[in-house]
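Secondary and tertiary structure notes
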Amino acid sequence: MSSFAQQRAAMVERQLKARGIRNDRVLSAMGEVPREQFVPERLLEFAYSDGPLPIGEDQTISQPYVVALMIEAAGVAPGDRVLEVGAGSGYAAAVMARIASRVFAIERHDTLAESARQRLLEGEYRNVTVIIGDGSGGLPDRAPFDAILVSAGGDKVPEPLKWQLAIGGRLVVPVGGTGLQSLLCIRRTDEEEWIEHDLGNVRFVPLIGAHGR
Ligand code: SAM
């Protein structure tokens, strides 16, 4: 078995570049963050497998490609303030922390939030704050955000999240039934104007909360 660094480099080539991820910042960040530090110890050998993995509480760390796709679609860039709803293992937050200036990540399961916080602390991701709670209504006290990623799927776009975008900000959110969802990218173009496009089908764990299921 090759080293984690070799597996990570292969993941970037075969799972990301080969499927059309082009953004250099996203590719570098994905090539730097050690995914093996965000998966349960018993699953270490699958850390760079091409799919989601269980992390406890019936939740998952997302497939690397989906993490990259969402961050690329959200146009996360240096200087950005970013919100992630559904921190899970903290992996996507760590990738974004390598690009953006500030990342807030909300997780409703306190056990997952605590371990994500611990990992991010150990990895010295000083620009990430993990918050425990229902993130389906966003984080109004810390808004506006340049990018919001929702890493769990509800049956509609959580309305408060659209209003917590800065003008020009992007919201990437899976919306649909409990099986397949459409991954939407919604850009706030003006005070009361948003444009939306569909990035294709995805399958996420449910977004549970006041503005979720
Ligand atoms: N991006 C994460 C990672 O890198 O590990 C994966 C997130 S996992 C697919 C989705 C997470 O969303 C789960 O941990 C789940 O508990 C959380 N979640 C679901 N509904 C939520 C809500 N309303 N607020 C906060 N977290 C929520």
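A quick note: this is a predicted structure, and the numbers were derived from the prediction, not measured. (Residues numbered from 1 in each chain as written. Predicted model: local features only at pLDDT ≥ 70, side-chain atom pairs only at ≥ 80, totals over all residues. Heavy atoms only, no water.)

**Some remarks on the pairing of strand β5 (residues 128–132)**
Sheet analysis places strand β4 (residues 102–107) next to β5, joined by 5 bridges and oriented parallel. Of the residues in β5, the one forming a bridge with Ala105 is Val130. Once you follow β4 into helix α5 (residues 110–122) and on to β5, the crossover reads as right-handed. (Pairing = 2+ DSSP bridges. Helix = DSSP H or I, 4+ residues; strand = E, 2+ residues; numbered from the N terminus. Right-handed = clockwise from strand over helix to strand, strands pointing away.)

**Here we look at the pattern of salt bridges**
If you walk through the whole model with that rule in mind, you get 10 salt bridges. The shortest N-O distance in the salt bridge between Glu114 and Arg117 comes to 3.1 Å. Of this pair, Glu114 and Arg117 both sit in helix α5, 3 residues apart, which is roughly one turn of the helix. Relative accessible area serves as the criterion here: at 40%, Glu114 is assigned to the partly exposed category. Its relative accessible area of 31% is what places Arg117 among the partly exposed residues. Residue Arg188 pairs with Glu191 through a salt bridge whose shortest N-O separation is 3.3 Å. For Arg188, a relative accessible area of 5% gives the class buried. (Salt bridge = Lys/Arg side-chain N within 4 Å of Asp/Glu carboxyl O. Buried < 20%, exposed > 50% of the residue type's maximum accessible area, 1.4 Å probe, protein only.)

**Some remarks on the packing of aromatic side chains**
This model, assessed by the stated rule, comprises 4 aromatic pairs. Ring geometry for Phe4 versus Tyr48: centroids 6.3 Å apart, planes at 50 degrees, classification tilted. Pair noted here: Phe4 is in helix α1 (residues 4–16) and Tyr48 is in the loop between α2 (24–32) and β1 (53–56), with a separation of 44 residues, a long-range link. Taking 6.1 Å as the distance between ring centres and 70 degrees as the angle between the ring planes, the aromatic pair formed by Phe104 and Phe145 counts as edge-to-face. Of the two residues, Phe104 sits in strand β4 while Phe145 sits in strand β6 (residues 145–150), which places them 41 residues apart along the sequence. Like Phe145, Phe104 is buried. Directly above the ring of Tyr91 sits Arg35, whose terminal nitrogen or CZ lies 5.6 Å from the centroid. (Phe/Tyr/Trp six-rings, centres within 6.5 Å; stacked < 30°, edge-to-face > 60°. Lys NZ or Arg CZ within 6 Å of the ring centre and 35° of its normal.)

**Notes on the site of the ligand**
In the vicinity of the ligand there are 27 residues, among which Ser89, Glu107, Asp134, Gly135 and Ile208 approach most closely. The contact in question runs from an oxygen atom of the ligand to an N or O atom on the side chain of Ser89, over 2.6 Å. Contact between the ligand and Gly135: a nitrogen atom at 2.8 Å from a main-chain N or O atom of the residue. Relative to its free-state accessible area of 600 Å², the ligand is covered by the protein chains to the extent of 99%. For the ligand, the cavity whose grid points lie within 2 Å of the majority of its atoms is the largest pocket. Elements supplying a minimum of two residues to the shell around the ligand: β2 (59–61), α4 (91–97) and β4. Element by element, the count of residues in the shell around the ligand is highest for β2, at 3 residues. For the shell around the ligand, the per-class residue count stands at 11 nonpolar, 12 polar and 4 charged. (Near = heavy atom within 4 Å. Polar contact = N/O pair within 3.5 Å; in protein donor to acceptor, adjacent residues only side chain to side chain. Areas by Shrake-Rupley, 256 points an atom, 1.4 Å probe, with all protein chains shown as cover. 1 Å grid on protein atoms, 1.4 Å probe; cavity = no way out; pocket = protein on both sides within 12 Å on 5 of 7 lines; lining within 4 Å. Sits in = over half its atoms within 2 Å of the grid points. Nonpolar A, V, L, I, M, F, W, Y, C, P; charged D, E, K, R; others polar.)

**Digging into the nonpolar core**
Counting 52 residues, the largest nonpolar core has Leu16, Met30, Ile71, Val76 and Tyr91 as its most contacted members. Counting residues in each nonpolar core, the second largest holds 18 residues, with Leu83, Val150, Leu171 and Leu207 among its members. (Core = buried A, V, L, I, M, F, W, Y, C linked by side-chain atoms within 4.5 Å.)

**A closer look at the UniProt feature "active site" (unreviewed entry) in the protein**
The sites that carry the UniProt feature "active site" (unreviewed entry) are, in the present numbering, Ser62. Summarising the element assignment, Ser62 is placed in the loop between β2 and α3 (64–73). Here Ser62 is in contact with Arg35, Gly51, Pro52, Val67 and Phe204, once residues within four sequence places are set aside. (UniProt positions renumbered as here; feature names shortened; annotations may be inferred. Contact = heavy atoms within 4.5 Å.)

**Here's the deal with the side chain of Arg188**
Inspection of the secondary structure puts Arg188 in strand β8 (residues 181–190). The contact partners of Arg188, leaving out residues within four places of it in the chain, are Lys162, Trp163, Leu165, Ala166, Ile167, Gly168, Gly169, Glu193 and Trp194.

**Observations regarding the sheet that holds β5**
Spatially, the 7 strands line up as an open sheet ordered β5-β4-β3-β6-β7-β8-β9, and their pairing is mixed. Each edge of the open sheet is held by one strand with a lone partner, namely β5 and β9 (193–202). Ignoring strand direction, the axes of neighbouring strands in this sheet form an average angle of 15 degrees. Sitting on the sheet, α5 touches β4 and β5, and the angle it makes with β5 is about 165 degrees. (Axes fitted to C-alpha atoms, helices over the stretch in contact; angles between N-to-C directions.)

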